[in-house]
Amino acid sequence: MDQQSKDQAPRSRLGRYWWVVGLAIAALIVVVLAPLASADPDGLERVAGDHGFLQSARDALYSIIPDYNVPGVEGNLSTILAGLIGIVIVFGLMVLVGRLLARRRSQD
Amino acid sequence: MFAAIVARGTTPIPTPPQMHAPDGFLSVPIAVVMWAITLLVLAIAVRRTNRTLDERAVPLLGVTAAFIFAAQMFNFQVVGGTSGHLLGGVLAAVLLGPWAGTLVMACVIAVQALVFQDGGLVVMGANIFNMGVVGTLGGFFLYRALAGILGGEDRARIPASGIAAWSSVVAGSICMAVELALSGTTPLSIALPAMVGVHVLIGIGEALITMAALGFIAVTRADLLRLRDARPAAV
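Residues numbered from 1 in each chain as written. Chains lettered and ligands numbered in written order. Predicted model: local features only at pLDDT ≥ 70, side-chain atom pairs only at ≥ 80, totals over all residues.

1. Brief notes about the overall build of chain A
Phase 1 of the analysis: Along chain A, the regular secondary structure elements total 4 helices and 0 strands.
Phase 2 of the analysis: Starting at the N terminus and ending at the C terminus, chain A contains elements arranged as α-α-α-α.
Phase 3 of the analysis: Put simply, chain A has 108 residues, and 31% of those count as buried.
Phase 4 of the analysis: Taking as baseline every contact in chain A between residues at least 6 positions apart, the subset at least 24 positions apart corresponds to 52%. (Helix = DSSP H or I, 4+ residues; strand = E, 2+ residues; numbered from the N terminus. Buried ≥ 20, exposed ≤ 12 C-beta atoms within 10 Å, placed from the backbone. Contact = placed C-beta atoms within 7 Å.)

Right under this line is the structure:
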């Protein structure tokens, strides 16, 4: 009873558009936190550097938005834009995949 | 990242370091084997998700992918000039189940490689396995077991997810070390302690972010936590 009323109160406030809030949180992380990200090498890159196999990395075959920087845009804005583009792409892709999988059941 | 530094020559603008394994770190045979394993898991994931996904859970697939993509851009500092970032496999699996969670992780890692040149294409199977499947399948299995021992999911969601999240990062780093060693890139005696040593710390960040995200959802929209086990009405 208590549990149920707790679950339903926010639902009535945000309705079925709670996912907009979810996307806004993801966007906020990109805008506020991504520019503050540590520029130090991450775990794997650090190990590769320390143990001499960093140079075995091969360049990408092509580049679209390399290093999360939109070409032609400077500084933090470039990273933020890249992040927002990424959010839209993965959200769109997964909603598309989800809809296909949820609506077209295989015959078994 | 590596390419960018070489190409620019001058001091690059500080950017989040690109973290996923680039092509060249793994030998082609090992990369192909990892692709095969990953494709097999993905095929099962598509099939299982097709059978069980409830339409109401579809927006959560998108939001979880968006959150994990965003959070992976935030590298946090760990000791000694090294950073780490969220992987998100346990988070995705706790929210969506192991199979739909696997699809989310594969989507994020594929987009990072294809659009953002973060992670190689030949080694993408290994990257999806190490950073996705290890957490969504192994991590979720551990999560369920721990939650069971600790008195059920509703009571133990936070501690169980934290331990599973930490374990998934350490296990993923062990997989990467083994793949590096089998590829002849660096001996296991070097790769294993180095990778595990760093990821024992990075895993703490993974645990904190996973617990915070699940705690936030439990407080604000606990009903979303039930979408994982929601099933479409029988036809």
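Once you've had a look at it, read on.
2. Digging into the packing of helix α4 (residues 89-96) of chain B against helix α8 (residues 188-220) of chain B
Residues and elements named next belong to chain B.
Phase 1 of the analysis: Orientation of α4 relative to α8, taken along the N-to-C sense of each, is 25 degrees, at an axis distance of 9 Å. Comparing the axis directions of α4 and α8 gives the class roughly parallel. Crossing of α4 over α8 shows right-handed handedness. Facing Val90, Leu91 and Val94 of α4, the residues of α8 in contact are Thr210, Ala213 and Leu214.
Phase 2 of the analysis: Looking at the contact of α4 with α8, its residues break down into 5 nonpolar, 1 polar and no charged. (Axes fitted to C-alpha atoms, helices over the stretch in contact; angles between N-to-C directions. Parallel < 35°, antiparallel > 145°, perpendicular 65-115°, else oblique. Left-handed = near helix turned anticlockwise from the far one by under 90°. Nonpolar A, V, L, I, M, F, W, Y, C, P; charged D, E, K, R; others polar.)

3. Examining the nonpolar core
Phase 1 of the analysis: B:Ala65, B:Ala66, B:Ile68, B:Ala70 and B:Val104 are the most contacted members of the largest nonpolar core, which has 101 residues in total.
Phase 2 of the analysis: If one sorts the elements of this core by residue count, helix α6 (residues 124-149) of chain B sits on top with 12 residues.
Phase 3 of the analysis: Leave out the neighbours within four places in its chain, and B:Ala65 touches A:Val90, A:Phe91, A:Met94, B:Val104, B:Cys107 and B:Val108. (Core = buried A, V, L, I, M, F, W, Y, C linked by C-beta atoms within 7 Å.)

4. Comments concerning α4(B)
Residue and element names in this part refer to chain B.
Phase 1 of the analysis: By the criterion of burial, α4 is predominantly enclosed, with 8 of the 8 residues buried.
Phase 2 of the analysis: Looking only at α4, the buried set comprises Gly89, Val90, Leu91, Ala92, Ala93, Val94, Leu95 and Leu96.
Phase 3 of the analysis: Of the surrounding elements, those touching the buried residues of α4 are α3 (58-72), α5 (98-116), α6, α7 (153-182) and α8.

5. Regarding unusual backbone geometry
Trans is the prevailing form of peptide bonds, just as negative phi is the prevailing case for residues other than glycine.
Phase 1 of the analysis: For A:Tyr68, which is not a glycine, the phi torsion comes out positive at approximately 55 degrees.
Phase 2 of the analysis: Its location among the elements puts A:Tyr68 in the loop between α3 (43-50) and α4 (75-103).
Phase 3 of the analysis: If you check the backbone angles, B:Gln117 has positive phi at about 50 degrees while not being a glycine.
Phase 4 of the analysis: Here B:Gln117 is to be found in the loop between α5 and α6.

6. A closer look at the interface of chain A and chain B
The parts lose accessible area when they come together, and the size of an interface is often stated as this lost area.
Phase 1 of the analysis: On the chain B side, the residues contacting the 61 residues of chain A number 68 residues.
Phase 2 of the analysis: Of all the elements in the fold, those that place two or more residues in the side of chain A that touches chain B are α1 (2-14), α2 (18-33), α3 and α4 of chain A.
Phase 3 of the analysis: Looking at which element gives the most residues to the side of chain A that touches chain B, the answer is α4(A), with 17 residues.
Phase 4 of the analysis: Of the residues that constitute the side of chain A that touches chain B, the class distribution is 35 nonpolar, 13 polar and 13 charged.

7. Comments concerning helix α2 (residues 28-52) of chain B
Phase 1 of the analysis: Taking 1.5 Å as the rise per residue, α2(B) with 25 residues should run 36 Å; its terminal C-alpha atoms sit 36 Å apart, in good agreement.
Phase 2 of the analysis: Of the residues making up α2(B), those classed as buried are B:Ile30, B:Ala31, B:Met34, B:Thr38, B:Val41, B:Ala45 and B:Thr49.
Phase 3 of the analysis: Buried residues along α2(B) sit against α4 of chain A together with α5, α6 and α7 of chain B. (Expected span 1.5 Å × (residues − 1).)

8. Thoughts on the packing of α2(B) against α6(B)
All names here are of chain B.
Phase 1 of the analysis: Contact geometry for α2 and α6: axes closest at 7 Å, N-to-C directions at 55 degrees. Relative to α6, the element α2 is oriented oblique. At the point where α2 passes α6, the crossing takes the left-handed sense. Contacts between α2 and α6 involve Ala31, Met34, Trp35, Ile37, Thr38, Leu39 and Val41 from the former and Gly125, Ala126, Ile128, Phe129 and Val133 from the latter.
Phase 2 of the analysis: Residues belonging to the contact of α2 with α6 are distributed by class as follows: 10 nonpolar, 2 polar and no charged.

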